[in-house]
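Inside the fold
Below are the chains, spelled out letter by letter.
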Amino acid sequence: MNGETEKIKTQNIKNEDLYLNALVTHKDRVFRMVFKEKQEFLELYNAMNGTSYTNPEDLEVTTLENAIYMGLKNDVSFLLYDELALYEHQSTDNPNMPLRNLFYVADIYSKLTAKANLYGSRLVKIPEPKFVVFYNGTDELPERSELRLSDAFEKKSESMDLELKVLVLNINPGYNEELMEKCKSLRDYMIFVSRIREYSQHMALNKAVEISIQTCIDEDILAEFLRKNRAEVLKVSIYEYNEALHIQQEREAAREDGLQQGMQQGLQRGALLERIGKIRRKSEKGLPAGDIADMLEEESAFVERVLQIFKEQPDMDAEKACDILIRGI
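Residues numbered from 1 in each chain as written. Predicted model: local features only at pLDDT ≥ 70, side-chain atom pairs only at ≥ 80, totals over all residues. Heavy atoms only, no water.

**Quick notes on the nonpolar core**
Let me state the cut-off plainly: Residues belong to one nonpolar core when they are buried, are Ala, Val, Leu, Ile, Met, Phe, Trp, Tyr or Cys, and are joined through side-chain atoms within 4.5 Å. Any residue under 20% of the maximum accessible area for its type is buried, any over 50% is exposed, and the rest in between are partly exposed; the area is computed with a 1.4 Å probe on protein chains only. The helix count covers DSSP runs of H or I at least four residues long, the strand count covers runs of E at least two residues long, and both are numbered beginning at the N terminus. For this analysis, residues touch if any pair of their heavy atoms sits within 4.5 Å.
Judged by nonpolar contacts, the single largest core of 42 residues is most densely connected at F134, L186, F192 and L226. Element by element, the count of residues in this core is highest for helix α6 (residues 184-199), at seven residues. Non-local contacts of F134, meaning those with residues more than four positions away in its chain, are made with F31, L44, M48, Y87, E88, H89, Q90, L169, I171, L179 and L186.

**Quick word on the pairing of strand β6 (residues 165-170)**
Threshold: DSSP calls a pair of strands paired once it identifies at least 2 bridges connecting them.
Of the pairings in the sheet, the one linking strand β4 (residues 128-135) to β6 comprises four bridges and is parallel in character. Of the residues in β6, the one forming a bridge with F134 is L169. Note: strand β5 (residues 144-148) against β6, five bridges, orientation antiparallel. Bridging across to β6, R144 finds its partner in L169.

**A few points about the packing of aromatic side chains**
Inclusion rule: Note on aromatic contacts: the rings of Phe and Tyr and the six-membered ring of Trp form a pair at centre separations within 6.5 Å, being stacked when their planes are under 30 degrees apart, edge-to-face when over 60 apart, and tilted otherwise.
Applying the stated criterion across every chain yields a total of six aromatic pairs. Look at F31 and F134: their rings are 5.7 Å apart centre to centre, the planes differ by 35°, and that puts the pair in the tilted class. Pair noted here: F31 is in helix α2 (residues 30-35) and F134 is in strand β4, with a separation of 103 residues, a long-range link. For F31, a relative accessible area of 1% translates into the label buried. According to the relative accessible area criterion, F134 is buried, its value standing at 0%. Plain terms: the ring middles of Y87 and F134 are 5.5 Å apart, the flat faces sit at 80° to each other, and that makes the pair edge-to-face.

**Let's talk about the confidence of the model for the chain**
Let me state the cut-off plainly: For every residue, the predictor states its confidence as a pLDDT score lying anywhere from 0 to 100.
Put simply, the chain has an average pLDDT of 80, and 78% of its residues get 70 or more. Across the chain, β6 holds the top mean pLDDT of 96, while helix α1 (residues 3-25) sits lowest at 42. Below pLDDT 50 for its whole length, residues 1-28 participates in 29 contacts with residues either more than four positions away or in separate chains. Segment residues 66-73: pLDDT under 50, and 13 contacts once partners within four positions in sequence are set aside and those in other chains are kept.

**Some remarks on the pattern of salt bridges**
Convention followed: By convention in these notes, a salt bridge is any Lys or Arg side-chain nitrogen within 4 Å of a carboxyl oxygen on Asp or Glu.
This structure, assessed with the given rule, holds 15 salt bridges. Of the charged contacts, one joins R187 and D188 as a salt bridge, the two residues approaching to 3.5 Å between their closest N and O atoms. Of the residues examined, R187 reaches a relative accessible area of 33% and is grouped as partly exposed. Residue class for D188 comes out buried when judged on its relative accessible area of 2%. For the salt bridge of E274 with K278, the shortest nitrogen-to-oxygen distance reads 3.6 Å.

**Things to note about the packing of helix α10 (residues 289-296) against helix α11 (residues 300-312)**
Between two packed helices, what matters for the description is the angle formed by their axes and the separation of those axes. Spelled out, the test is: Here an angle of 0 to 180 degrees is reported between the N-to-C directions of two axes, which are lines fitted to C-alpha atoms, with helices fitted over the stretch in contact. If an angle is under 35 degrees, it is roughly parallel; if it is over 145, roughly antiparallel; if it lies from 65 to 115, roughly perpendicular; otherwise it is oblique. In a left-handed crossing the near helix is turned counterclockwise from the far helix by less than a right angle, and in a right-handed crossing that turn is clockwise. Think of it as three bins: nonpolar holds Ala, Val, Leu, Ile, Met, Phe, Trp, Tyr, Cys and Pro, charged holds Asp, Glu, Lys and Arg, and polar takes everything else, Gly as well.
Taken N-terminus to C-terminus, the directions of α10 and α11 make an angle of 125°; their axes are 9 Å apart at the nearest point. Put simply, α10 runs oblique to α11. The hand of the α10/α11 crossing is right-handed. Mapping the contact onto sequence places A289, I292 and A293 in α10 and S300, V303, E304 and L307 in α11. Of the residues that constitute the contact of α10 with α11, the class distribution is five nonpolar, one polar and one charged.

**Some details on α6**
Since the α-helix advances by 3.6 residues per turn, residues separated by three or four positions end up pointing in the same direction. Spelled out, the test is: Helix span, as expected, comes to 1.5 Å for every residue beyond the first.
The end-to-end C-alpha separation of α6 is 22 Å, in line with the 22 Å expected for 16 residues at 1.5 Å each. Those residues of α6 that sit buried are S185, L186, D188, Y189, M190, I191, F192, V193, R195, I196 and Y199.

**Notes on the side chain of N176**
Selection rule: Pairing of N or O atoms within 3.5 Å defines a polar contact, subject to two protein rules: one partner must be a possible hydrogen donor and the other a possible acceptor, and residues neighboring in sequence count only if both atoms are side-chain atoms.
Structurally, N176 is set in the loop between β6 and α5 (177-182). Within polar-contact distance, the side chain of N176 engages the backbone oxygen of N170 at 2.9 Å. Residue contacts for N176: discarding those within four places in its chain leaves E143, R144, L169 and N170.

**Focus: the pairing of strand β3 (residues 83-90)**
Within β3, eight of the eight residues are buried, which leaves it mostly tucked inside the rest of the structure. Taking every second residue as pointing to the same face, both faces of β3 are buried, with E83, A85, Y87 and H89 on one and L84, L86, E88 and Q90 on the other.

**Remarks on the environment of L102**
Mapped onto the secondary structure, L102 falls in helix α4 (residues 97-112). Taking the C-alpha atoms as reference, L102 lies 8.4 Å from L149; in sequence the two are 47 residues apart. Not counting the four nearest positions on each side in its chain, L102 is found in contact with L149, L162 and L164.

Pasting the structure below:
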């Protein structure tokens, strides 16, 4: 083994160790780490709502620090006066965010009203929730979109009794620039993630993260946060990047499997259509079912079933006969 190969192997082992360490020890994602600080969240809230609140202590933290559902916990949620803001970050396109937010907000409301008399005659007031997902994955998504809980309903009535809407904002470079101008922390976060993606195309992931951290500090991009949390950000970023890559690979594999399955089904249907056509042509020549089965090396029962279908409906085409056979009618 030459020195260069040994160097690459050693580097890969180090990357894997860092990834596994992050997988075991990470508690927050970078987005959550940035915006769980009240000052940064208030800046983001003001940018989102056109407000100008200045006192971070007016915020009451409602983030589910220890609440886990299906291995997930919500990113950041704060109560500010009469509004409950639940903000999530996603690096993959996730249509299940409304359902997840339903669980989150139910848990939060349960805690907020723990001492209230829910069985009394007086109405218990609760803050209005606002659900937002900040998306920075590699799939193409519009600048703004909306997810609805009702999209998951197996059956929809004209007047649904339950709905939950989630605003999805694309925060990749070139999207929602007005929002980025109003919130430096969000803009800086976008730049930091983009640099990791760019640098990781040309170097090992841990090196790409290290360089991204240093260049951002040098350029006053999340500088204070990165200086304070440098080691943790390094571990978490490696974990996040590998997780996103793993999800992408799983999806690509699923699409490939689906394509192959579809092709196989198409080939099977094509073969069945060919067999039906041969049986029909032999029958049109006046040959009995037994002779057709012998000539085509088919099971007699199958030939008889095909001939029965065309006898009952002489004008039926082979495609419809194929559908009947597949359904087993």
